Each structure stands twice: as C-alpha cells, then as structure tokens.
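Structure at a glance
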Amino acid sequence: MESTIEKTIEFVKQKLKGAEAGHDWYHIERVWKLSKKIAKTENCDSEIVELGALFHDIADPKFYNGDESLAPKIASEFLRNCAYSEEKIEKVVFIINHISFKNRDNLPEEIPVELQIVQDADRIDAIGAIGIARSFNFGGFKNNLMYDPEVLPKIGMSKEEYKKSNGTTINHFYEKLLLLKNMMNTSAGKKMAEERHQYMLDFLDQFYKEWNVD
C-alpha cells in the first residue's frame, strides 16, 4: 500500500506539470530533499515536514491572481481523501500559509519547528546558483528587465507592494535574495546558506564588471 508521502509525490508531480520552471516539480523536489536533510538535525515530526515541503507551492498565489486560499484548500482536500487526521492537516496548512517571504511580518512569535525547517529549505533553494537561475527564469517569464542602473531596489516593501512589484531581476537580489541568509531559522539552514550567499555576491560582482564596459 502506498504511503501518504508516496501518494502526495505522485499528486504534486501531476499537478505541477507545465509549471513555470522556477516553481515546478523539480523545485518542490529540491525543497523536499533539503527539508529532509535539515529535519535530521532537529526534533520534529518528519512526516509533517515532508508533506509541508511537498505542498508548499502546490498553487503559488502569484500564478493564481494572488489567491492565497487555493493551496491550503487543495492540500486539505487531498489529505482528507488519504484519511489524514484533521490535526495533522492543520499543521501542514500552517506551513503553506506562513512559509512565504512576503508573509514574514505575519508570523506568530513562536513558529513550529516543522515550519522553520521547510521555510529554511525553501529559502535555500532561492539562493546560490539555483536561486540565480530561478530568478532570471521568472524575470523572463514576467518580461521584467534584467537590470536598469536608474531603477533602484525597493527595500522593506510591504506585502502588497511586494506582490505588485515588477522590478528588475538584479534588484530582486537586494529586495529579497541577499536578505535570506540572515533569516534562516535552523543551525543547519544557516550553515547551508553561507556558501550560496557568497556565490550570489560573487555573481553580482562579475555581473557589474561585464555590464559596465569601459
């Protein structure tokens, strides 16, 4: 008999067929694997961690006109059909509802370790070489400029400002990506973020050298 995790993997793979490449099944798979790795270093419910990771982008609001209710609904219905307990479904939905960078100001003072783990994994996949590739892929998907020296980054945007932002991809580094290293929750997450953060700094140095041709 298939486990709930195995059923979820099959469901998510099918659901995300044809998704934008930065938010497709491969993104989910990387976050899932990173979550499992971090979970080994923490006292947590590993099944909630895995399900939270697998469902965290099942219906990313930015691809659904900002609808933040769709992902929790899809996950809840699927898990109920798997005879999953309501108590555990609530824990998975809590991860989905609170994982996003744009929702960082709406977190309770103490957040469950399971959310901390999946949030770190998702943020780690947003930085480093993969993070750079995802950013430029999404920027192209949105037809945003790569860079405009006259358009400055907007630091500290509100949730609504962030959702509406169509800034350059390079500005996105300063508005989000370079902030993530210091937002990690777990010791393992902090350690993983260090190398990827430095890689982005090195990339930006090289980018500006190539842009500013004498």
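Everything quoted here is computed from the prediction, not taken from an experiment.

1. Concerning the overall build of the protein chain
Per the secondary structure count, the protein chain includes ten helices and zero strands. Secondary structure elements of the protein chain occur, N-terminal to C-terminal, as α-α-α-α-α-α-α-α-α-α. In terms of C-alpha radius of gyration, the protein chain reaches 18 Å, essentially the compact-globule figure of 17 Å for 214 residues. Its C-alpha atoms give the protein chain principal-axis dimensions of roughly 65 × 35 × 30 Å. Going through the 214 residues of the protein chain one by one, you find that 46% of them count as buried. Looking at the protein chain alone, contacts between residues at least 24 apart form 69% of all its contacts between residues at least 6 apart. Carbon and sulfur atoms provide 49% of the accessible area of the protein chain, an area that totals close to 11700 Å².

2. Some points on helix α2 (residues 25-39)
The first and last C-alpha atoms of α2 sit 21 Å apart over 15 residues, in line with the 21 Å expected at 1.5 Å per residue. Of all the positions in α2, only W25, H27, I28, V31, W32, L34, S35, I38 and A39 are classed as buried. Turning to α2, the residues buried within the fold contact α1 (4-15), α3 (46-55), α6 (113-124), α7 (128-141) and α10 (187-211). The backbone nitrogen of Y26 has a side-chain oxygen 3.2 Å away, supplied by the residue at the start of α2, namely D24.

3. A word on unusual backbone geometry
With a phi angle near 60°, A83 is a residue other than glycine that sits in the positive phi range. Within the secondary structure, A83 sits in the loop between α4 (70-81) and α5 (86-98). Here the phi dihedral of N143 falls at roughly 60°; this positive angle occurs in a residue that is not glycine. If you trace the backbone, N143 turns up in the loop between α7 and α8 (159-164). With relative accessibility at 70%, the residue N143 sits in the exposed group.

4. What about the environment of I48?
Position of I48 relative to the elements: it lies in helix α3. Linking I48 and V118, residues 70 residues apart in sequence, is a C-alpha distance of 9.7 Å. For I48, the contacting residues outside a window of four places in its chain are Y84, K88, K91, V92, I95 and E114.

5. Examining the nonpolar core
Counting 56 residues, the largest nonpolar core has F55, L79 and F173 as its most contacted members. Listed by contribution, the elements that provide at least two residues to this core are α1, α2, α3, α4, α5, α6, α9 (169-175) and α10. Ranked by residue count, the leading element in this core is α2, at seven residues.

6. What to know about the packing of aromatic side chains
With the rule as written, the count across this model stands at 15 aromatic pairs. Taken together through their ring pairs, the aromatic side chains of F136, Y147, F173, F203, F207, Y208 and W211 make up a single cluster. Cation over ring: K36 sits above W32, and NZ or CZ is 3.9 Å from the ring centre.

Thresholds, definitions, all that
Residues numbered from 1 in each chain as written. Predicted model: local features only at pLDDT ≥ 70, side-chain atom pairs only at ≥ 80, totals over all residues. Heavy atoms only, no water. Helix = DSSP H or I, 4+ residues; strand = E, 2+ residues; numbered from the N terminus. Rg over C-alpha atoms; globule rule 2.2 N^0.38 Å. Buried < 20%, exposed > 50% of the residue type's maximum accessible area, 1.4 Å probe, protein only. Contact = heavy atoms within 4.5 Å. Areas by Shrake-Rupley, 256 points an atom, 1.4 Å probe, with all protein chains shown as cover. Expected span 1.5 Å × (residues − 1). Polar contact = N/O pair within 3.5 Å; in protein donor to acceptor, adjacent residues only side chain to side chain. Core = buried A, V, L, I, M, F, W, Y, C linked by side-chain atoms within 4.5 Å. Phe/Tyr/Trp six-rings, centres within 6.5 Å; stacked < 30°, edge-to-face > 60°. Lys NZ or Arg CZ within 6 Å of the ring centre and 35° of its normal.

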